[in-house]
Amino acid sequence: MMTIAGTPQPMNTKKVMTLRFLFIALSTILLWSCSSTPKIRYADGLSGHLEYDVILMGGQSNMVGQGKLTDLEPMSFSNVTFFDFGLNPSLTPPKGNFGPEVGLSMELSKNYPNKRFLLIKYAIGGASLLDWSPNYDQQKAKITGHPEFGNMYKRLIMLTDSLTKGPQVKIRALLWMQGERDARIPEAGVDYYNNFELLINSIRKDLKSSDLPVIFGKVNPPPDRYPALDTVVGAQMRISQELPNTYLIDTDDLEKWEDDLHYSSNGQIDLGVKFGEMLTEHIK
């Protein structure tokens, strides 16, 4: 049995958490979607008799999202099922907040009302590519300050496997919003290109999709607080130019909160729409 992080271990707390996590995910597939809120409603559960286009969503805080549900009008997406997982995997949606899934769902429902979509989001604020590495090393993860996150890459693969075993699915894309943490730590930023390339190649191999589109947002935190920003952005641009089926989304026009780091409610909607517009081209 695969552990959440590190090398195989006896039945300890980490392994128990992994088993419990998989049990929760599997046992709820046919019951309900994890992210219905009073303001935003998604389709309930999954059916083994239907076909779904699967979209994976990963990254850190701007993928988690700090948009405020109180800023939104009520919306309903009857053809979109949405599962949202974080550091402590549960079926409880983030209280009061939303991320790019709302704008994305708006685009998908508008352009493909007769298709069914499954969104699987796994993101943790402050996560670097060292936390996301397919070759996870807890000692290296300490460089960016959050070794407690564990092996996020393996957890995403387990999530995807557990939620797609029953239904008929086609994995359409990985949407990625991440890099601010690496831009803050020069020691991590210098390896961003190699680490991101490894992640993309690994997820394509593990999901048996050699041409899986990877769509990612440009990071743009305040340069004075993020000394490796130019290095990370340069790596993102190189990835989009050198790796096939990778696409960089410009985020410089997105509205932010006062911290000049996290996207506001409007910014999150617009980020999701940008993801949706690019994704639509590939679904066509």
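Structure's up top.
Residues numbered from 1 in each chain as written. Predicted model: local features only at pLDDT ≥ 70, side-chain atom pairs only at ≥ 80, totals over all residues. Heavy atoms only, no water.

### Some thoughts on the overall build of the protein chain
Of the regular secondary structure elements, the protein chain holds 10 helices and 10 strands. Looking at the protein chain residue by residue over its 284 residues, the buried ones come to 55%. Across the protein chain, the fraction of contacts at a sequence separation of at least 24, relative to all contacts at a separation of at least 6, is 79%. (Helix = DSSP H or I, 4+ residues; strand = E, 2+ residues; numbered from the N terminus. Buried < 20%, exposed > 50% of the residue type's maximum accessible area, 1.4 Å probe, protein only. Contact = heavy atoms within 4.5 Å.)

### Topic: the sheet that holds strand 2 (residues 51–59)
Strand pairing in a sheet takes place through backbone hydrogen bonds and is either antiparallel or parallel in direction. Strand order in the open sheet made by the 6 strands is 5-7-2-8-9-10, with parallel pairing throughout. Here the strands that pair on one side only, and so sit at the sheet edges, are strand 5 (80–85) and strand 10 (246–249). Here the average twist between neighbouring strands, direction ignored, is 20°. Where strand 9 (residues 214–217) meets strand 10, 4 bridges bridge the pair, whose relative direction is parallel. Note that in strand 10 the partner of Gly217 across the bridge is Ile249. This element, helix 5 (residues 152–164), spans strand 2, strand 5, strand 7 (117–123) and strand 8 (168–177) of the sheet and lies at about 155° to strand 7. Of the strands in this sheet, strand 9 and strand 10 are in contact with helix 9 (residues 229–242), which crosses strand 10 at around 140°. (Pairing = 2+ DSSP bridges. Axes fitted to C-alpha atoms, helices over the stretch in contact; angles between N-to-C directions.)

### Topic: helix 9
Between the first and last C-alpha of helix 9 there are 20 Å, a value that for 14 residues agrees with the 20 Å anticipated at 1.5 Å per step. Taken together, the buried positions of helix 9 are Leu229, Val232, Val233, Ala235, Gln236 and Ile239. With its buried residues spanning 155° around the axis, helix 9 presents them on a single face. Exposed and facing more than 90 degrees away from the buried side of helix 9 are Asp230 and Gln241. Buried residues in helix 9 make contact with helix 6 (180–184), helix 7 (186–189), helix 8 (192–206), strand 9 and strand 10. (Expected span 1.5 Å × (residues − 1). Arc of directions from axis to C-beta.)

### A closer look at the side chain of Asn220
Within the secondary structure, Asn220 is located in the loop between strand 9 and helix 9. A residue is classified by how much of its surface remains accessible, and Asn220, at 13% relative accessible area, is buried. Side chain to side chain, Asn220 and Asp252 meet in a polar contact 3.4 Å long. A polar contact is formed between the side chain of Asn220 and the side chain of Tyr263, at a distance of 3.0 Å. When sequence neighbours within four positions are dropped, the list of residues in contact with Asn220 reads Thr251, Asp252, Lys256, Asp260 and Tyr263. (Polar contact = N/O pair within 3.5 Å; in protein donor to acceptor, adjacent residues only side chain to side chain.)

### With respect to the packing of aromatic side chains
Within this structure, the stated rule accounts for 9 aromatic pairs. Measuring from ring centre to ring centre gives 5.6 Å for Tyr122 and Trp132, while their planes differ by 65°; the resulting arrangement is edge-to-face. Remark: Trp132 occurs in the loop between strand 7 and helix 4 (138–141) and Tyr122 occurs in strand 7; sequence separation between them is 10 residues. The two residues Tyr122 and Trp132 agree in class, both being buried. Three or more aromatic residues joined by ring pairs make a cluster, and in this case those are Tyr122, Trp132, Trp176, Tyr192, Phe196 and Phe216. Its guanidinium or amino end placed over the ring of Tyr226, Arg184 lies 5.4 Å from that ring's centre, counting from NZ or CZ. (Phe/Tyr/Trp six-rings, centres within 6.5 Å; stacked < 30°, edge-to-face > 60°. Lys NZ or Arg CZ within 6 Å of the ring centre and 35° of its normal.)

### Topic: helix 5
With 13 residues, helix 5 should reach 18 Å at 1.5 Å per residue; the first-to-last C-alpha distance of 18 Å fits that figure. Of all 13 residues making up helix 5, 11 are buried, and the element is well covered by its neighbours. When we look at burial in helix 5, the residues that qualify are Met152, Tyr153, Arg155, Leu156, Ile157, Met158, Leu159, Thr160, Ser162, Leu163 and Thr164. At the N-terminal end of helix 5, a side-chain oxygen is found 3.2 Å from the backbone nitrogen of Tyr153, two or three residues along, and the residue is Asn151.

### Topic: the packing of helix 8 against helix 9
Interaxial distance between helix 8 and helix 9 falls to 9 Å at its minimum, and their mutual angle equals 40°. The orientation of helix 8 with respect to helix 9, classified from their angle, is oblique. Between helix 8 and helix 9 lies a crossing whose hand is right-handed. Across from Tyr192, Tyr193, Phe196, Glu197 and Ile200 in helix 8, the residues of helix 9 making contact are Val232, Ala235, Gln236, Arg238, Ile239 and Glu242. Of the residues in the contact of helix 8 with helix 9, the class split is 7 nonpolar, 1 polar and 3 charged. (Parallel < 35°, antiparallel > 145°, perpendicular 65-115°, else oblique. Left-handed = near helix turned anticlockwise from the far one by under 90°. Nonpolar A, V, L, I, M, F, W, Y, C, P; charged D, E, K, R; others polar.)

### Details of the side chain of Thr280
Tracing the backbone shows Thr280 in helix 10 (residues 265–283). Beyond its immediate stretch of four places on either side in the chain, Thr280 contacts Asn111 and Tyr112.

### With respect to the pairing of strand 8
Strand 8 sits mainly inside the fold: 7 of its 10 residues count as buried. Strand direction decides the pairing type here: strand 2 and strand 8, joined by 9 bridges, are parallel. Bridge pairing in strand 8 places Ile55 opposite Ala173.

It is worth stressing that arrangement in space is one thing and function is another; only the former is reported here.
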